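Below are the chains, spelled out letter by letter.
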Amino acid sequence: MSTVHVPNLIGGEEVAGDGLERYNPAHPAELVAVAPASGAEAVDAAVTAAAAAQPGWAALPAPARGTILMDAAEILRGRHEEAARDLVREEGKTLAEARGEVRRAIDVLRFFGSEGWRLGGQVLPSSFPDTTVQTRREPVGVVGLITPWNFPIAIPAWKLAPALIGGNAVVLKPAELTPLSTRHLTEALVRAGLPAGVLNVVHGTGAVAGEALVRDPRVAAVSFTGSTAVGMRIERTVQERRGRVQVEMGGKNALVVLDDADVEQAARIAAAGGFGLTGQACTASSRVICTPGVYDDFVAALTKEAARCRPGDGLADGTAMGPVVSEQQLGTITAAIERARDEGATVAAGGETPDGLMLAPTVLTGLSRDSAAAREEIFGPVVAVLPAEGLDDAIDLVNDSRYGLAAGICTRSLSAAQRFAAAVRVGVVKVNRPTTGLDLNVPFGGVGDSSSNTFREQGAVAVDFYTWSKSVYLGWED
Ligand code: NAD
């Protein structure tokens, strides 16, 4: 397989460079992509280009901006399989998961492309005579987007599309580990006819390129998805210079299994949410909370699911789960498992690394509620099973967390499901469904240390972050 050199995109020009190297996590000798480790001067040039291009882009009618997004969707659709295969080689997910992610990016471009026909404000009555009031949506200007490696096509899409349809110019700093995947999306937008400078891409490390982007006072708004530690730091930095900021961060998502649940089905839901995407999803079910009548049977059923889900190369037939993304991430996960063992946990399934970055899906039991594995994000295929006395105790346990992204419940009781949905402090609730897997037309975000919890991503409301409201009083009297 050949190595792809992924350039920066600044003011419509491709600027080659090196310094970032990405190897296939399933075949660590295979160099998949090389990208520039850009310095602050590249970010400066990209922001300058974006600032110059933004007024012209905003002046284009919104439906015309939407047409470009729609055309980009078609171009990406034409490369669906190629993009999905590159995504597997670069990030490690299975081909089925990668196809789903590319499909998601296509649909996101279509959704926000069509929003170009609907963007608008309100017309309101005024208390003043012979006057009406209209509200206008104004673009914020130049927007900085910083994205993680775990959905390197879908997440840039769900930030870029609302930013662009809102009339903004963008500087995107993709994750270091996945430059090629993101390139499939940005190249589709360029080929669709996006004017030079409206979309700029600067590859590089978070500490250098990311920091420069966040600190640039010409960047009116920063939208970040990634870890809580980095997100909180970015939030502070942007707020200090009075920029607009949106940070979507980690989670410790719980799935509750009540006594009345179908245990086999609950185990399949927990496995899909906990081991799917190699557990490397912000909404992954990393804790399962069982009530007493179901605890033992659930642990046995989940252990069986784990044994069925052997890790392998995402491109190979029949692979249920891909490798962990990197050596560093594997080290973090195995250290978390070791610490859980030291704290008295039983490793009921998995825990071993059969080959390279392959980690067997892992089930931990016997943890105290205060242990790190029960409280902190691990971001790998590791599920901690915890007991609870009943629904109220389970709800307390769900809410006893610094995070608040997603939570699920498996039950046949409508009233238990409704009580749960009302009581849990999270942004997404799933009933009898995995905590992972979202619709693109539905607002997404969390509370607590999972999100800035001001503006939501996805759905039509995603455009709110990228626009501000101006009220115009129209008097028609001379
Ligand atoms: P990360 O925080 O290490 O990196 C995310 C991005 O931030 C990368 O592009 C990185 O280069 C950049 N960055 C790092 N330091 C920076 C700095 N000082 N200034 C500016 N930018 C900087 O996260 P990751 O390991 O790529 O992603 C995994 C994390 O993302 C997990 O915690 C996961 O829960 C979270 N995540 C959240 C969501 C969500 O919607 N809530 C979605 C996907 C992933």
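Conventions used here
- Residues numbered from 1 in each chain as written.
- Predicted model: local features only at pLDDT ≥ 70, side-chain atom pairs only at ≥ 80, totals over all residues.
- Heavy atoms only, no water.
- UniProt positions renumbered as here; feature names shortened; annotations may be inferred.
- Axes fitted to C-alpha atoms, helices over the stretch in contact; angles between N-to-C directions.
- Helix = DSSP H or I, 4+ residues; strand = E, 2+ residues; numbered from the N terminus.
- Parallel < 35°, antiparallel > 145°, perpendicular 65-115°, else oblique.
- Left-handed = near helix turned anticlockwise from the far one by under 90°.
- Contact = heavy atoms within 4.5 Å.
- Nonpolar A, V, L, I, M, F, W, Y, C, P; charged D, E, K, R; others polar.
- Pairing = 2+ DSSP bridges.
- Domains from an automatic or database assignment.
- Buried area = accessible area lost by both parts, 1.4 Å probe.
- Salt bridge = Lys/Arg side-chain N within 4 Å of Asp/Glu carboxyl O.
- Polar contact = N/O pair within 3.5 Å; in protein donor to acceptor, adjacent residues only side chain to side chain.
- Phe/Tyr/Trp six-rings, centres within 6.5 Å; stacked < 30°, edge-to-face > 60°.
- Buried < 20%, exposed > 50% of the residue type's maximum accessible area, 1.4 Å probe, protein only.
- 1 Å grid on protein atoms, 1.4 Å probe; cavity = no way out; pocket = protein on both sides within 12 Å on 5 of 7 lines; lining within 4 Å.
- Points joined across faces, edges and corners; volume = space filled by probe spheres on them.
- Disulfide = S-S within 2.5 Å.

The name an unreviewed UniProt entry gives the chain is Aldehyde dehydrogenase family protein, with Streptomyces siamensis as the organism. Under the heading Sequence similarities (unreviewed entry), UniProt records this for the chain: "Belongs to the aldehyde dehydrogenase family."

Let's talk about the packing of helix α13 (residues 391–399) against helix α14 (residues 414–423)
Where α13 meets α14, the closest approach of the two axes is 10 Å, and the angle between their N-to-C directions is 25 degrees. Between α13 and α14, the crossing angle belongs to the class labelled roughly parallel. Handedness of the crossing formed by α13 with α14: right-handed. Listed contacts from α14 to Leu391, Asp392, Ile395, Val398 and Asn399 of α13 are Ala416, Arg419, Phe420 and Ala423. Of the residues assigned to the contact of α13 with α14, the class counts are six nonpolar, one polar and two charged.

Section: the UniProt feature "domain: Aldehyde dehydrogenase" (unreviewed entry) in the chain
Following the UniProt record, the feature "domain: Aldehyde dehydrogenase" (unreviewed entry) maps to residues 20–472 here. With 41% helix and 20% strand, residues 20–472 has its two end C-alpha atoms placed 49 Å apart.

Focus: the sheet that holds strand β6 (residues 123–125)
Strand order in this open sheet of three strands is β6-β7-β20, and the pairing throughout is antiparallel. Of all the strands in the sheet, the pair left with one neighbour each is β6 and β20 (467–475). Strand-to-strand, the axes of this sheet are offset by a mean angle of 30 degrees, without reference to chain direction. As paired elements, strand β7 (residues 131–139) and β20 share nine bridges and run antiparallel to each other. In the sheet register, glutamine 134 faces β20, and the bridge partner there is valine 472.

Considerations on the domain arrangement of the chain
Here the chain is partitioned into domain 1 (4–249 + 451–474) and domain 2 (253–431). Counting residues at the interface gives 21 residues for domain 1 and 24 residues for domain 2. The largest per-residue losses of area from domain 1 upon contact with domain 2 belong to Thr94, Glu97 and Trp149, which jointly make up 25% of the total buried on that side. Here domain 1 is connected to domain 2 by zero salt bridges. At the surface where domain 1 touches domain 2, the tally comes to five residue pairs in polar contact (both at pLDDT 80 or more). Ranked by the residues each element gives to the side of domain 1 that touches domain 2, the list is headed by helix α3 (residues 80–91), at four residues.

Focus: the packing of aromatic side chains
For the structure shown, the criterion picks out six aromatic pairs. Each ring, one from tryptophan 158 and one from phenylalanine 444, has its centre 6.3 Å from the other, and the planes form 85 degrees; the classification is edge-to-face. With tryptophan 158 in helix α5 (residues 154–165) and phenylalanine 444 in the loop between β19 (428–431) and β20, this residue pair connects regions lying 286 residues apart in the sequence. A ring pair is formed by phenylalanine 455 and phenylalanine 465, whose centres lie 5.4 Å apart and whose planes are at 75 degrees; its orientation type is edge-to-face.

A look at the pairing of strand β13 (residues 253–257)
In terms of burial, β13 is a largely internal element, five of the five residues being buried. Here β13 shows two buried faces, one formed by Asn253, Leu255 and Val257 and the other by Ala254 and Val256. Here β13 pairs with strand β14 (residues 285–290) via five bridges, running parallel. Within the sheet, the bridge partner assigned to valine 257 lies in β14 and is cysteine 290.

Things to note about the layout of surface pockets
Roughly 1,200 Å³ of volume is contained in the largest pocket. Lining the largest pocket are 47 residues, and of these Trp149, Ser227, Val230, Gln328 and Gln329 sit closest to its centre. Elements supplying a minimum of two residues to the lining of the largest pocket: β4 (19–24), α7 (206–215), β11 (221–225), α8 (228–240) and α11 (327–342). Sort the elements by how many residues they give to the lining of the largest pocket and α8 lands first, with six residues. Looking at side-chain class alone, the lining of the largest pocket contains 21 nonpolar, 15 polar and eleven charged residues. Here the lining of the largest pocket gathers at least three residues from each of two domains, domain 1 (4–249 + 451–474) and domain 2 (253–431). For the second largest pocket, the calculated volume is near 470 Å³. If you trace the second largest pocket, you find 22 residues lining it, with Phe151, Leu277, Thr436, Gly437 and Leu438 closest to the centre. Breaking the lining of the second largest pocket down by element, the ones donating at least two residues are α4 (95–115), α5 and α9 (263–275). Residue composition of the lining of the second largest pocket, by class: 13 nonpolar, five polar and four charged.

Thoughts on the state of the cysteines
Overall, the coordinates contain zero disulfides when judged by the stated rule. Free cysteine: cysteine 282, not disulfide-bonded; nearest cysteine sulfur from cysteine 309 at 19 Å. Of the residues examined, cysteine 282 reaches a relative accessible area of 18% and is grouped as buried. Cysteine 410 supplies the cysteine sulfur nearest to cysteine 309, a cysteine that is in no disulfide, at a spacing of 17 Å.

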